[in-house]
Each structure stands twice: as C-alpha cells, then as structure tokens.
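Remarks on the overall topology
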Amino acid sequence: MKQLVQNLKTGKMELLEVPMPTVRPGYLLVRNHFSLVSAGTEGSKVKTARGSLLQKARKKPDQVKQVLDSLKTEGVGATYQKVMNKLDFPAPLGYSCAGEVVEVGADVTGFKVGDHVACGGTSALHGEVVAVPKNLCVPVPKNVAMDNAAFTTVGAIAMQGIRQADVRLGEVVAVIGLGLIGQLTVQMLNAAGVKVVGIDIDPAMVKLAGQSGAMLAMERGHAGLEQSVLKVSDGYGVDAVIITAGTSSLDPVELAGVLCRKKGRVIIVGAVPTGFSRPNYYKKELELRMSASYGPGRYDDVYEDKGLDYPIGYVRWTENRNMRAFVDLLAAGRLNIDLLRTHTFSFENALQAYELIVNKSEPFLGIVLAYDLNGKPQKTVTFPQHISKAEKKVRVGFIGAGSFAQKALLPNVAGKAQMVAVATSTGNNATNIAQKYGFNEAVTDAEAVLEHPEINTVFIATRHNTHAEYVRKALQAGKHVFVEKPLALHEEALDEIKRLHEKQPRHLMVGFNRRFAPLIQTLRAYFNDPSPKAMVYRVNVGHIPGDHWTQDPEVGGGRIIGEACHFVDLCIYLADSRPVSVHALALPSLAPTVDTVTINLAFENGSVASIAYLANGNKSLDKEYLEIHSNGVSAVLRDFKQLDIYAKNKKSFKNTQDKGHEREVAAFLQAIEQGGACPVPFDAIYYSSLIPFKILQSIREGRVVSLP
C-alpha cells in the first residue's frame, strides 16, 4: 500500500510503498476514503523539513539542547549517528481522515467491519490503510459525506476551543484568525446561538467568515475595528476571544485584551506567543486559557493507546466526544463544509497539494485527498534486489527497529548475516529499515517473522511488555533468539522461558552488553583467580518522568526491571559466581516509581557487590563508576572511557566509550555459525533477570531475599 511520507533530512516527499498495518488490541483497521491536509500544521512541518540544518535547529531549540547534552555524554560519532537516524527517516504526515472499517481489534466494541468512521491523531495518516486506537475513532452516519467527515479532527480542535471559552447563548465571541479552524469555530458558534465577530488580516478570509455566519467580520487593520466591536457588544466588549491564528506576533493576544469585557476570557487555540503586556489583562481581570488540541484525553497514553475512557460524570467532553459532537453537527446539516473545501486531489497527486500550500500559488483553505478504493493493500513489501545469492548460515529476522536497534544492533548485524525480514509497528519504518539494512521483506506483523520458514535467528527490540511472548514463540518455532533486556516483566514468564529453554536448547541471548566491553575484558584479566571480590558500582541514571513508557508497570515494567538488570549482570560476570542473596533499600518518594535504590548482592564464592542505582543525581556527572577490589589489586572504571588498575604498578587504559554492543552481537552470531556455546550462559541470564524481581521484593518486605 502507499503512504505519504517526507524525509526529515532532505525534505523530499513521496508516496512510499509500505506494508499494511496490523490491527492491535484496542485498535481499528480503516481503509481511507478521504484525508484532510492541514495547511497550518502540516505545511509548517513540510517547510521545516525542506530547510537547512541550521534552519531546522532554529525551529527546534529544545532538540538542539538534547544534541548538545548527547555530545557531552556519548561523543561526536554516536551523537551524529543518532541525529542522522532521526533525520534520515520517512516521517508520515496527516492526522484527520475518514474511511471504512476493514478489521476490528480485540477488546473493541461498538464498531464492526463495514462501518464508516472518522479518525484522528498521529495514526490517522495520509495512507491507504491506517490503524487507529478506538478512542480516536467515531462512527459516521450514512447521510454524512465521507469527504466532510475527514474534517472531524480539525473540527474537534475548534470545538475544544469553544468548550474552553465556556460561552452561553446570546454572548458575543470574537474569533481572531480565520483559517480553517477559525472558520469552523465561527460556524459552530453561530450554530450554538452565539454572536460571532471574525477578525483576520486576509480580506478573503474575512469575507468567508461572513458567509460562515459571523455577525461582524473585519480586517485586523480596519481603523474602526474596536468601535465596531463595542457597538455589537452593547458597549461592554466581547465575552470571550478565541485565538485561532498562527503567528509569532503578539498582536492577537494583545488585541484580545483590548476587545474583551471585564472578567472576559481569552482562549488560545493557535500557535501564538503569550507574552502580553499587563494593563488590559490586569485591569479587566481577564482569564487566559489554553486549549489542548481535540480535548481531554489528548497526549494521554492511557486514554488514547490503552483505550480507557474518562467517566462522563467527571469529564463531559473528551476528545472522542468532541469528535462525535462534530459529526452530529454534520449529520444535522448545521455546518457548511462545502464552503470551506477549496481543493480535492487524488491521493496519487498528493504532492501537488503540498506544493500548493508551500508556494501559495493560488488561494486555498480546506484541502482533501481522495483515495482509489480499487486494489488490495499488501501485508508484505519485498525487495528482490536484497536477496543474496551467497547463502549465509545465520538468517535473521528483526522484530522492532527503533532508535536503540538502529544504533546498537542493526549496524552490527547487517553484512554478517542474511537479512530476511523486519517487522515494526509502522509500515513506513519497516520499509525504511528494510531499504537501509538490506532486508528482503518489510512487514508490520511480528508473527510473520516468528513463523517465517527462512529465518533461523530472531532479534527482538520492541517495548518491554512484548519480550517474553516473542521469546517464547520464537523458541517454540525452533529459532535462536537475541532479545534486548528485560527478558520478562513477570517472574512467572521468566520461569516459563527457563522451562522452555531447557526443552528447546536454542541460543538465547539477552542484550547484557557491558560484559563484552573492551575495558571490562581488560579489567577481568586482572581478577581471573577464584578469590572473593568486593565491588562498588555507582550508576547515575538520571530522572525519567513518571509518565514515560518505561515507568509504566504494564509496558516498561519500571526502571529496576527494565534497566537495573544491566548492572546486576555485570556484577555477576565479574564475581564469576552464582548470586545467593539480595538486599535493597529505596529512597522514599511520593511518586509511585522506584528508581533510586541501593542494592547489595552476595555470591556463593564470598564476593559482594553494592550497586547504587540513582535517579536523583546531576546529569553532568558521569553515568557509571565501578570499583573492584581483591587480593591487594584494585580497579576503577570510569564510564567505560578510562580504566585504572592499582597493583604493583598503576596502569591506565583509555578508550572512546564502548559498552560492548558490537562485540556482543559478533559473539552471538559467531556462536550460531560455528555451533559453539551461547556467549552468555543461560544461568547468568536467568539470575540477571530474576534478581530485579527480588530487589523489588526486598524493598517491599524490608529483608534479605535468598535466591534459588
């Protein structure tokens, strides 16, 4: 199937051949009939992508700061690769569409195959088929034209601005900025019995606002604007101002202060600055409110992705209910979308629509893309040119290919194995990865990789909650497995994998890369006798917000399960002994997260390790610091960049930061090729994965926990 994308590095736009999305629980699969092009939001993205790197940097100073921080911690090479992976990527466009349901995911009620729906959000893309969460889909009655229904998301944005204005029947509201959202705002306010004043710098938009129902529509530069507004508001000023303009100027927010009555309300929907001057807002005691996109639920993964609705008794108008209300207005004939739709392009000619927006070659407002409903979208995109004539022993499939996989795994596998198929949740990423790393096939369904007859080795680099299931299925299919940490989010799942691995002894490797780091190999050579060792490991991991997916117990498992296993594994490797007990203490916190912890491990050979896993430190401090002491020899490792050995003579080793990813992958592939043992024994993998659960148990129960 085709999807509209833009390369963020070059600005090039194209209709990319991508695999059809796979429906997930809580989602609908929708074949698009129409999608709306947002001239404001999408036009800005297109222009930014076409700019130079300097122009991109000026547009996104927050991301520049992230790059500078990365340079300090990861160095030039790693940072450059990370930035290029982000930029050299076919980013999708679109967020408002309408089509027909072709498949319904598990846990979805109220929809069936064949229903017409309007969709919103970052998954409501310009593409022939889209997968959209149920809370971002609403039914469309048969009497509503589908090209009109494609306006639903933008209509919900306008409606939320009206909700925030909290207007009453008979009040007077000014709308500043009469683009598409402004015109829809005018029409909905008029339908609600509110008197509307429309204001814009474009005389054509002013004229259109009059046709949309504005009682008074004037150009911003009109000398009599303020007096005219006072006249229609009985000399008081308007009850509320809704700003739907997009500009870097302060004029809209300043004008709102002038036009409002005392105790009035100013609602910001568009992208405008808010650094207004004090007098009008102070003297009139004006209330300034922001309107967040389509309404409550927007940017909340629990609502949008997990599909949990807000109770109507507490949140009357969610983004879904706003979308439904807009469709109801369409069904009742209360809105005139034909007045606002200026262009319809076939999807095949979508690039012409964006050239129109960027070049402003003719007046435009509502631009719709119409899809050809003939043909059958394919679940697999094949790349015959990538099929190698020289058969390799290791035949790889990847499930997941995000930023980490692109940085640490894919470059180290490509060229060393036959790249058979890659599955990612989005088709544009699957195609991009297949093209970049030479895979024969791109898919969106993980099962296609797990069941692929040509694949004998699976790399799993998805979100944490899927790891155990994919590992289990891959082992059952008789495939070797490399999975990023953690192996499992629950102890029961870990034990199930252990039992399965004993019955199906394929190579199973977890991404515990630190034991393969060059400086760790050097360090271990100085401590290769069986004497007990004492280790102190400080890890300055830094703060991650509680709403980040890694902190979600159901998705990421929390930082102890999701990341602390790394440091546990390195201590097990250096102790060269089976761990026998764990005791942990957590820093008290009002937050539900557990991420500042001290961990004490005891080993069968008498070794001990103390790990300080700290999320409350300063990010300017190096992330990792390790000391190890035994038999009069001491070693200090500083962030995998410098190793100092204190023996008869002090020796220092320096290196660019290398945490062992390349050597780890090479050892895994070599073991499969040569039929050797797995580079990390399964017992070590098991204990490194089990101990995080026991750390949390120790914290809960306040005691030492013995290990089996």
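So, a few notes on the structure that sits alongside this text. (Residues numbered from 1 in each chain as written. Predicted model: local features only at pLDDT ≥ 70, side-chain atom pairs only at ≥ 80, totals over all residues. Heavy atoms only, no water.)

Here we look at the environment of A442
The topology assignment puts A442 in strand β20 (residues 441-443). For A442 and E484, which are 42 residues apart along the polypeptide, the C-alpha to C-alpha distance reads 21 Å. The contacts of A442, once residues within four sequence positions are left out, are P19, K379, T380, V381, F383, V422, A430, T431 and A434. (Helix = DSSP H or I, 4+ residues; strand = E, 2+ residues; numbered from the N terminus. Contact = heavy atoms within 4.5 Å.)

Overview of the pairing of strand β2 (residues 13-17)
Direction of pairing for strand β1 (residues 2-7) relative to β2: antiparallel, over a ladder of 5 bridges. Within β2, the position partnered with Q3 by the bridge is L16. Once β1 ends, the chain turns through 5 residues before running back antiparallel as β2, passing G11 with a positive phi of about 85°. (Pairing = 2+ DSSP bridges.)

Concerning the sheet that holds strand β10 (residues 195-200)
Ordered by their spatial adjacency, 6 strands build an open sheet running β11-β10-β9-β12-β13-β14, and the pairing between neighbours is parallel. Across the chains shown, the open sheet's two edge strands, defined by having one partner strand only, are β11 (216-219) and β14 (287-290). On average, each strand axis in the sheet is tilted by 20° relative to the strand beside it, whichever way the strands run. Bridge analysis of strand β9 (residues 172-176) against β10 gives 5 bridges, and the strand direction is parallel. Within the sheet, the bridge partner assigned to V173 lies in β10 and is V196. Against the sheet, helix α8 (residues 225-232) contacts β9, β10, β11 and β12 (238-243), and its axis sits at roughly 170° relative to β11. On top of the sheet, helix α9 (residues 251-259) reaches β9, β10, β12 and β13 (260-268); it is set at about 155° to β13, its chief contact. (Axes fitted to C-alpha atoms, helices over the stretch in contact; angles between N-to-C directions.)

Digging into the packing of helix α14 (residues 403-413) against helix α15 (residues 427-437)
Closest axis-to-axis distance for the α14/α15 pair is 11 Å, and the angle between their directions is 45°. In terms of orientation, α14 lies oblique with respect to α15. Note that α14 runs across α15; the crossing there is right-handed. Facing Q406, L410 and P411 of α14, the residues of α15 in contact are N429, I433, K436 and Y437. Split into classes, the residues belonging to the contact of α14 with α15 amount to 4 nonpolar, 2 polar and 1 charged. (Parallel < 35°, antiparallel > 145°, perpendicular 65-115°, else oblique. Left-handed = near helix turned anticlockwise from the far one by under 90°. Nonpolar A, V, L, I, M, F, W, Y, C, P; charged D, E, K, R; others polar.)

Focus: the layout of surface pockets
Reported here for the second largest pocket is a volume of approximately 310 Å³. For the lining of the second largest pocket, the residue count by class is 8 nonpolar, 6 polar and 2 charged. (1 Å grid on protein atoms, 1.4 Å probe; cavity = no way out; pocket = protein on both sides within 12 Å on 5 of 7 lines; lining within 4 Å. Points joined across faces, edges and corners; volume = space filled by probe spheres on them.)

Observations regarding the sheet that holds strand β21 (residues 457-460)
Reading across from one edge, β17-β20-β19-β18-β21-β22-β23 is the order of the 7 strands in this open sheet, with mixed pairing throughout. A strand with exactly one partner marks an edge of an open sheet, and here the two such strands are β17 (380-382) and β23 (508-510). Put simply, the sheet's adjacent strands are angled 15° from each other on average, direction ignored. Relative to β23, strand β22 (residues 480-483) is paired through 3 bridges, and the arrangement is parallel. Bridge pairing links F482 to M509 in β23. Strand contacts of helix α17 (residues 467-476): β18 (395-399), β21, β22 and β23, with the helix running at about 165° to β22, the strand carrying the most contacts.

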